[in-house]
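# Chains, contacts and geometry: an overview
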Amino acid sequence: MSSTRLSYSLKTPVSFNKKSGAKVIACQSTSITSLKRNVQMYGSKSNSPGTVPCRPVLSSMDETSALKSLHGSFPRSSVNPASLSRLRIFSGTANPQLSKEVANYLGLELGTIKSKRFADGEIYVQVQESIRGCDVFLIQPTCPPVNDNLMELLVMIDACRRASARSITTVIPYYGYARADRKVLGRESIAAKLTANLITKAGADRVLAIDLHSGQCVGYFDIPVDHVYGETVILDYLASKRIPTGELVVVSPDVGGVARARAFAKKLNDSPLAIVDKRRSAHNVSEVMNLIGDVKGKVAVLVDDMIDTAGTISNAAKILRAEGAREVYACASHAVFSPPAIERLSSGIFHEVIVTNTIPVEAKNVFPQLTILSVANLLGETIWRVYNATSVQALRD
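Predicted, not measured: the structure shown is a model, and the values here were computed from it.

Time to look at the nonpolar core. L87, L106, F264 and I383 are the most contacted members of the largest nonpolar core, which totals 42 residues. Element by element, the count of residues in this core is highest for helix α10 (residues 376-387), at seven residues.

Put into structure tokens, the structure is as follows:
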């Protein structure tokens, strides 16, 4: 695969997985304190086994890099180290690599926390340093195994509350149970609200989440929620491809995602919008009915918040191909990748599948068309703004 020179505002070099051919966009973070300290922190640690590496690269770029590093899109003036004295970042076991990248962006070491499972499956958590009077940020996506990771997050919150933390912010890159956000049939549970209640009652003071499935999930929490959007890094990556505006069309894979796709299209030079009309006969089963909009001879960009079994997005791609789309890109923040997602995504109907690392992607789920972007800079900057009580909305404006 030949490398292409791209301009990318988040300073993220791209590397290639030699075995699978998948592109991994690694976060080259801008440290607040010193790069030397960060190099020492990361240079001796390997990636978690079984996951695709997406780590900061602080050394000079090698020949496999396809992106030229520029100044970060989140410039910051010099920081007094004393202002970081009460900021603590802790990671659960769901996505430790992303947590390391976030800490690296902030120029901090991850806090020391012990988490283990007993023989009967119970979870034990102990914070192994003093956090009395500190502002604590717990990074833990509730990705598969959802129930284990959710319970671990709750126990972490409780441990920090009992350790007299001044405030506890749960950073949830992927919010599980978000799709159970309303009653469609009688006698159904609204599990998204139940999960929000659990997090609140455990002792969290604030929630920071990326691309919630629906806007009403924000209202399910009785505590402040900072909802940030992974589209920022995806838009920058797509812009670097320099696709002519007249050849680009943004497509919503279903009617429910029209608002998301419209906002995405507006930021891509107000590109035209198309909609796939979908009928869902059962959970994780969808059937495409028709297409609203013109895609003939154009580059179609399908936009969704997550890819689970890939039924919705692959059926949408098939109808786009049938209607004459030249190329089809799939973009989503959360790569859940439940079977048979990989078979569908790697079948050849997609030119490229672009996701972020809110959920760690196992090596067995990597395929040549896959590109993984890091949201570490976005999360790190959001954490910094929350900690300093400055605007988070400004990141999207």
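Here we take up unusual backbone geometry. The amide bond that connects P144 to the next residue, P145, takes the cis arrangement and shows omega of -5 degrees. When you line up the elements, P145 lands in the loop between β8 (135-139) and α3 (146-162). For the bond running from P339 to P340, omega is 5 degrees, close enough to zero to count as cis. If you trace the backbone, P340 turns up in the loop between β16 (327-335) and α9 (341-345). You will see that A310, though not glycine, has its phi angle at about 70 degrees, which is positive. Here A310 shows up in the loop between β15 (299-307) and α8 (311-322).

Moving on, we come to the sheet that holds β8. Across the sheet, which stays open at both edges, the five strands sit in the order β5-β8-β9-β10-β11 with parallel pairing between neighbours. Both outer strands of the open sheet, β5 (87-91) and β11 (225-228), are each paired with one neighbouring strand and no more. Shown here is a sheet whose adjacent strand axes are inclined to one another by a mean of 20 degrees, direction ignored. Looking at chain direction, strand β10 (residues 206-210) and β11 are connected through four bridges and run parallel.

The rules behind the values
Residues numbered from 1 in each chain as written. Predicted model: local features only at pLDDT ≥ 70, side-chain atom pairs only at ≥ 80, totals over all residues. Heavy atoms only, no water. Core = buried A, V, L, I, M, F, W, Y, C linked by side-chain atoms within 4.5 Å. Buried < 20%, exposed > 50% of the residue type's maximum accessible area, 1.4 Å probe, protein only. Helix = DSSP H or I, 4+ residues; strand = E, 2+ residues; numbered from the N terminus. Pairing = 2+ DSSP bridges. Axes fitted to C-alpha atoms, helices over the stretch in contact; angles between N-to-C directions.

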